[in-house]
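Topology and contacts: notes
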Amino acid sequence: MEASRLNAVIQFWFVELSSSDWFGKNPAVDQLIKQRFAGLHSALVQGEGQELACSGVNVLSQVIVLDQFSRNIYRDDGRAFAFDDQALALSRQAIEQGWDEALKDDQRAFLYMPFMHSERAEVHEQALALFGRLDNKNYLEFEYKHKAIIDRFGRYPHRNKLLNRVSTDEERAFLATPGSSF
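In this report, we go over the structure that sits alongside the text. This structure is a prediction, so every number in the text was calculated from the model and none was measured.

The next subject is helix H4 (residues 56-73). If you check H4, its first and last C-alpha atoms are 24 Å apart, about what 18 residues at 1.5 Å a residue would give, namely 26 Å. For H4, the principal kink sits at Val 65 and spans about 30°.

If you want it as structure tokens, here you go:
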């Protein structure tokens, strides 16, 4: 795999898109990501590119593809979450190497995002510490919101339907409230 394919991810995510594109549901953005990056996504899922996981930026690119682009490529499909563990492992690798420290805050936030997306409570303890190191209180506030859901339910109820999980009565009541889904 060529490093230029990973560089294109950084250019696209942080230069071509805006922050509203990162967090909103936009079919045009989803389609653009499918067109430009579905091949890279498939390659990374199959384990290609491991030789390029040797710097913060390269790992960040892979994390964005596996964590963020999965959600765009597989919108409204359980496969959107299928690569979260792979992204989390890459994030952990970058943090262990100290590579996250050389990244800008928005870049670090996306390197840390697999921690926020995890359905494991112990991972959210780590996420609080990571997002707390950023000079951006919005990311930390969203982590607190995510953690509260995991602490309460042990999972994200808004994923239940897509993952063919049965919702409890408490989860159904929660999902009927504003702001219950991300």
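Next, the rest of the story.
This part is about the environment of Tyr 74. For Tyr 74, the position within the fold is in the loop between H4 and helix H5 (84-97). Filtering out sequence-adjacent residues up to four positions away, Tyr 74 remains in contact with His 41, Arg 79, Ala 80 and Phe 83.

One pass over the structure, following the stated rule, counts 18 salt bridges. Linking Arg 133 and Glu 101 is a salt bridge whose minimum nitrogen-to-oxygen distance equals 2.7 Å. In this pair, Arg 133 sits in the loop between helix H7 (121-132) and helix H8 (137-153) while Glu 101 sits in the loop between H5 and helix H6 (105-117), placing the two residues 32 residues apart along the sequence. Its relative accessible area of 40% is what places Arg 133 among the partly exposed residues. Two residues, Asp 169 and Arg 172, come together in a salt bridge whose shortest N-O distance is 2.3 Å.

Remark: H6 packs on H8, axes separated minimally by 11 Å, with the N-to-C direction vectors making an angle of 5°. Judged by the angle between their axes, H6 and H8 are roughly parallel. Residues Asp 106, Ala 109, Phe 110, Met 113 and Met 116 of H6 lie in contact with H8, whose contacting residues are Tyr 139, Phe 142, Glu 143 and His 146.

Conventions and cut-offs
Residues numbered from 1 in each chain as written. Predicted model: local features only at pLDDT ≥ 70, side-chain atom pairs only at ≥ 80, totals over all residues. Heavy atoms only, no water. Helix = DSSP H or I, 4+ residues; strand = E, 2+ residues; numbered from the N terminus. Expected span 1.5 Å × (residues − 1). Bend = angle between axes of the 7 residues up to and from the residue. Contact = heavy atoms within 4.5 Å. Salt bridge = Lys/Arg side-chain N within 4 Å of Asp/Glu carboxyl O. Buried < 20%, exposed > 50% of the residue type's maximum accessible area, 1.4 Å probe, protein only. Axes fitted to C-alpha atoms, helices over the stretch in contact; angles between N-to-C directions. Parallel < 35°, antiparallel > 145°, perpendicular 65-115°, else oblique.

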